[in-house]
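One-letter residues, chain by chain:
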Amino acid sequence: TRAVIETENFSYEDEIGIFALNEEGTAYSKESMNMTGMYVGDNQWNIDPELFLTEQKAVIYAYYPYSSSNQAPATVNVNIMPNYHKTIKGQIDYLYGQGEADAAYPEANITFNHALARVTFLIKKEETDAGKGILSKIILRNTSNNTVIATSGTMDIRTGEITPKTNEDAAITLTGDYELNSNKE
């Protein structure tokens with residue numbers, strides 16, 4: 001029997017990583033660590049390699065985006081640098097979740113959680129500004145004696161806890177030519 005994961009929020013060919021563990025917390029089978037789940041539409045996923053379920057319960061941990069470099073559910077790599085993920089423009093939204101499955105109930109219903117917080121800036125030009133109001137760069141940078149920005153780390157997808165890799169010189173830079181407006185909204 002194969003495990004099936006259903007969703008309504010992924011796009012065609014999106015890939016998630018899947019770890020299937022037994023109730024003791026070790027690998028469910030020889031091939032059950034960091035399997036690829038590719039969304040193929042109609043709430044269906046292709047899992048590679050296939051996971052064959054027995055009467056023993058499998059605890060299924062999943063994360064997004066998939067990376068072949070991840071070896072364990074406690075140390076899934078996280079990198080929040082813009083454009084780090086070549087297929088995504090801007091920052092990726094890291095997700096994690098879990099479910100259960102066995103031969104009698106092969107569908108692991110997984111509700112994904114967001115691992116990161118979202119920071120939004122609303123920047124407007126003054127109505128009296130005669131210029132075009134072109135914003136070319138935004139930099140989030142560490143300041144002395146304050147909290148350090150971490151741009152990478154590892155996530156335990158069993159809990160959602162992220163352990164940052166601290167870098168005293170870390171900065172997040174977004175570049176482009178954004179024309180500001182002066183709406184009062």
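Above this text sits the structure in question.
Thoughts on the sheet that holds strand β3 (residues 44-48)
Turning to step 1, where the next piece is worked out: The six strands are arranged β3-β2-β1-β4-β6-β7 in an open sheet whose pairing can be described as antiparallel. Two strands bound the open sheet, and with one partner strand each, they are β3 and β7 (113-114).
Turning to step 2, where the next piece is worked out: Judged from the two bridges that link them, strand β6 (residues 95-101) and β7 form a sheet pairing that is antiparallel. Bridge pairing links Tyr 96 to Asn 113 in β7.

A closer look at the pattern of salt bridges
Turning to step 1, where the next piece is worked out: Counted under the stated rule, the structure contains three salt bridges.
Turning to step 2, where the next piece is worked out: A salt bridge links Glu 23 to Lys 57, with the shortest nitrogen-to-oxygen separation between them at 3.3 Å. Of this pair, Glu 23 sits in the loop between β1 (15-21) and β2 (35-41) while Lys 57 sits in the loop between β3 and β4 (58-64); the two residues are 34 residues apart in sequence, bridging distant segments of the chain.
Turning to step 3, where the next piece is worked out: Take Glu 23: its relative accessible area is 53%, and that puts it in the exposed class.
Turning to step 4, where the next piece is worked out: The closest approach of N and O atoms between Asp 156 and Arg 158, which form a salt bridge, is 2.8 Å.
Turning to step 5, where the next piece is worked out: Among the residues examined, Asp 156 registers a relative accessible area of 15% and is labelled buried.
Turning to step 6, where the next piece is worked out: Judged by relative accessible area, Arg 158 falls into the partly exposed class, the value being 38%.
Turning to step 7, where the next piece is worked out: Each of the salt bridges in this network shares a partner with another, and the network as a whole consists of Glu 23, Lys 57 and Glu 100.

Each value, and the rule that gives it
- Residues numbered from 1 in each chain as written.
- Predicted model: local features only at pLDDT ≥ 70, side-chain atom pairs only at ≥ 80, totals over all residues.
- Heavy atoms only, no water.
- Pairing = 2+ DSSP bridges.
- Helix = DSSP H or I, 4+ residues; strand = E, 2+ residues; numbered from the N terminus.
- Salt bridge = Lys/Arg side-chain N within 4 Å of Asp/Glu carboxyl O.
- Buried < 20%, exposed > 50% of the residue type's maximum accessible area, 1.4 Å probe, protein only.

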